[in-house]
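Commentary on secondary and tertiary structure
Residue-level listing of the chains:
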Amino acid sequence: MYSTLIPVACFIVFFGYFILWPVIVYFYDAKGFRKYPSMNAVAGFTDLGFMYEATKGFRSKRLSELHQKYPVIRIGPNSLSFRGIQAIKDIYGHGTGCTKDIFYSTLAGTHFHLADVVDKAEHARKRKVLSAAYALKNLEGWEHKVADKAEKFIRACDAACTAPLKSGLNPDPTDLTFCYRKYTNFFTLEAIADIGLSEQLGFMEKGSDACTAERMDGTLYTVPGARAALHEGSIAQTCTVWAYPWYKWNIYITKLLSKRYRDMWELSDNWGDLVYHRATKRLARYEAGEKLDDFFQALMEDKNGQPHNLDWGEIVAEISIMMNAGSDTTAIALVNVMYQLIKNPEVLKKLRDEVDTVLDEDEVVAPYEKVKHLPYLRAVLDESLRLAPPSSFGLPRRTPAEGCSVGTEYIPGDTTVSISAYVAHRDEKVFEDPETFQPERWLGEKARELQAGFVAFSAGARGCIGRNISYLEQTVLLASVVHRYEMALPSKSWLPEVREGTNLLMKEMPVKVWRRDRV
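What you see is a predicted model; the values in this text were computed from it and never measured.

With that settled, consider the sheet that holds strand 14 (residues 510-515). Strand order in the open sheet made by the three strands is 4-14-11, with antiparallel pairing throughout. Strand pairing shows two members of the sheet lacking a second neighbour, strand 4 (178-179) and strand 11 (485-488), which therefore form its edges. Sheet topology note: the strand 11/strand 14 ladder contains four bridges and is antiparallel. Bridged to Met487 within strand 14 is Val513. Packing against the sheet, helix 8 (residues 143-159) makes contact with strand 4, strand 11 and strand 14, and its axis sits at approximately 60 degrees to strand 11.

Encoded structure:
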């Protein structure tokens, strides 16, 4: 008897909880969300709808297509996606009543870092500690570290140089000797490791991102690829996190049913161990009395030498987000802008002419002081960030308990709301002809107005604290590369393969590279 009753009872509970109850909630419609079109057939009933879109690889593109027709899209039973400048201000702007969503606490480790801390007072405390480290004055003092990594990038590029490409031809496959995607990521990982921890990773010199990791018990092992550890973990998280209460269960199920997910979760653990080893090595140097000019020093004590007395878990968490967001988004930006320049040779020529006016012919690495105020260079960078924002997904926020206005809509309390940067940057009311790469749009009379719709670094009090260092790295490396090289994609019709985690990742970009002919 019990052998029959138990399966029947389990089926009734499963059916009631996962199917019948969501249907009842959907039609009862306590918050009035049925009036908004859903992202797909099941998104209004269950978060599995958005998780399905995430597994397809580019959910923000699908959202952008829907937002061409609708200002508000329902992407989950209690989650809405918006478009429009007013919605950006209402969700992310200074003075907003919205707080960070449950998304962040779901993904957080034992300690919050600056990017995932939800409590506003705690965020203010963290930002006060970290703002000195990220201040532009400090970053320009670290320019020599960026220049050192740019020189190593140039060395690797020089070693990959081939003969010039004959006009009108595609490169021979054997001449595609340099993966621009890989080496820009090596560059940013090395730069942030030096700026943050005074550590030399040596990826560009080795041509490999294999490195040592450390488990909590002190066991050391080799991670075969830092990039894979970072990227695959991000993909796994963003395919499974959206049903927040079930996230840990989703990890268990995906590990059980899918070898691919087992591999991705293992790589995610590798990233955590890789970061932990960097942190313990730097702590040992600090405890040995080394006073180094880096981010870690700023975490440990203020400029007068007074200790901040942060928990070790909090320090590791801040190092983790520094290594993650501080490398990946800039690397993505660097590969995207080079892709656009190769595809738009008239823009490349205009940029190169501007750079050549301030750099000597034999200068290998562009001094930041010479190139930081070049208007067309900044316009090119911003236009690439607009067209392909590295952090493309909608950063989720939670409406206050009393509800609030978002755009033209009143949204009840405790609702997840967001705007994808990919969607915001394709708003035709803000960016004319949004699918076209037009750096000139940032130089015209309306350029200032565009900033309100530009959220590559988010907006408001929670905006990216690392934007200055990103611009520093992008400016120095891009100016150096266009001043020295010509590059070609595999063919004129070549398109990159992209996939979206928290960031919009280009897989690889093989190029033929050769030195410029100055005659």
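Per the counting criterion, the structure on display carries 39 salt bridges. For Glu508, the salt bridge identified is with Arg227, shortest N-O distance 3.6 Å. In this pair, Glu508 sits in the loop between strand 13 (504-506) and strand 14 while Arg227 sits in helix 11 (residues 226-240), placing the two residues 281 residues apart along the sequence. According to the relative accessible area criterion, Glu508 is partly exposed, its value standing at 36%. Each of Glu122, Arg125, Lys126, Glu314 and Glu318 takes part in a single network of salt bridges with overlapping partners.

Turning to helix 4 (residues 85-92), a few remarks are in order. Since the α-helix turns once every 3.6 residues, residues separated by three or four places project in the same direction. Three or more residues of helix 4 are buried, namely Ala87, Ile88, Asp90, Ile91 and Tyr92. Buried residues along helix 4 sit against strand 2 (79-82), strand 7 (397-398), strand 8 (404-406), strand 10 (416-418) and helix 19 (421-424).

Before going further, it helps to spend a moment on the state of the cysteines. Per the counting criterion, the structure on display carries zero disulfides. Free cysteine Cys157: the closest other cysteine sulfur is in Cys161, separated by 5.7 Å. Unpaired in terms of disulfides, Cys179 finds its nearest cysteine sulfur in Cys157, a separation of 11 Å.

Feature annotation in UniProt places "binding site: heme" (unreviewed entry) on Cys464, given in this structure's numbering. Assignment of secondary structure puts Cys464 in the loop between helix 20 (447-450) and helix 21 (467-484).

Looking now at empty space enclosed by the protein. Empty space among the atoms becomes visible once a probe the size of a water molecule is rolled across them. Per the stated rule, a full pass over the model turns up two cavities of 30 Å³ or more. Within this model, the largest cavity holds a volume of roughly 50 Å³. Listed by contribution, the elements that provide at least two residues to the lining of the largest cavity are helix 15 (312-343), helix 16 (345-358), helix 21 and strand 11. For the lining of the largest cavity, a count of residues per class yields seven nonpolar, no polar and two charged. Taken as a whole, the second largest cavity spans an internal volume of roughly 40 Å³. Here the lining of the second largest cavity is composed, by residue class, of eight nonpolar, no polar and one charged.

This part covers the environment of Ala317. In this structure, Ala317 sits in helix 15. A residue is classified by how much of its surface remains accessible, and Ala317, at 9% relative accessible area, is buried. With 17 residues separating them along the chain, Ala317 and Leu334 place their C-alpha atoms 26 Å apart. Look past the residues within four positions of Ala317 in its chain and what remains in contact with it is His111, Phe112 and His113.

Quick look at a nonpolar patch on the surface now. Residues Trp246, Trp249, Tyr252, Leu256 and Leu257 make up a contiguous nonpolar surface patch of about 580 Å² in total accessible area. Of the residues examined, Tyr252 reaches a relative accessible area of 47% and is grouped as partly exposed.

What follows deals with the nonpolar core. Counting 103 residues, the largest nonpolar core has Phe178, Tyr180, Ile319, Leu478, Met487 and Met509 as its most contacted members. Sorting elements by how many residues they give to this core places helix 15 first, with 13 residues. With residues near it in sequence (within four places) discarded, Met487 still touches Cys157, Tyr180, Met338, Ile342, Val481, Val511, Lys512, Val513 and Trp514. Ranked by size, the runner-up nonpolar core spans 27 residues in total, among them Leu66, Ala236, Trp265 and Phe393.

In this section: the layout of surface pockets. Roughly 1300 Å³ of internal volume is contained in the second largest pocket. In terms of lining residues, the second largest pocket is bounded by 46 residues, among which Phe45, Thr46, Asp47, Pro77 and Ala243 are the most central. Elements with a minimum of two residues in the lining of the second largest pocket: helix 1 (2-28), helix 2 (48-55), helix 3 (59-67), strand 1 (72-76), strand 2, helix 12 (247-257) and strand 10. With ten residues, helix 1 is the largest single contributor of residues to the lining of the second largest pocket. Split into classes, the residues belonging to the lining of the second largest pocket amount to 28 nonpolar, twelve polar and six charged. Inspection of the lining of the second largest pocket shows a minimum of three residues originating in each of domain 1 (1-28) and domain 2 (31-515).

What counts and how
- Residues numbered from 1 in each chain as written.
- Predicted model: local features only at pLDDT ≥ 70, side-chain atom pairs only at ≥ 80, totals over all residues.
- Heavy atoms only, no water.
- Pairing = 2+ DSSP bridges.
- Helix = DSSP H or I, 4+ residues; strand = E, 2+ residues; numbered from the N terminus.
- Contact = heavy atoms within 4.5 Å.
- Axes fitted to C-alpha atoms, helices over the stretch in contact; angles between N-to-C directions.
- Salt bridge = Lys/Arg side-chain N within 4 Å of Asp/Glu carboxyl O.
- Buried < 20%, exposed > 50% of the residue type's maximum accessible area, 1.4 Å probe, protein only.
- Disulfide = S-S within 2.5 Å.
- UniProt positions renumbered as here; feature names shortened; annotations may be inferred.
- 1 Å grid on protein atoms, 1.4 Å probe; cavity = no way out; pocket = protein on both sides within 12 Å on 5 of 7 lines; lining within 4 Å.
- Points joined across faces, edges and corners; volume = space filled by probe spheres on them.
- Nonpolar A, V, L, I, M, F, W, Y, C, P; charged D, E, K, R; others polar.
- Patch = residues over 30% accessible without salt bridge, like charges linked within 9 Å, V, L, I, M, F, W, Y side chains within 5 Å.
- Areas by Shrake-Rupley, 256 points an atom, 1.4 Å probe, with all protein chains shown as cover.
- Core = buried A, V, L, I, M, F, W, Y, C linked by side-chain atoms within 4.5 Å.
- Domains from an automatic or database assignment.

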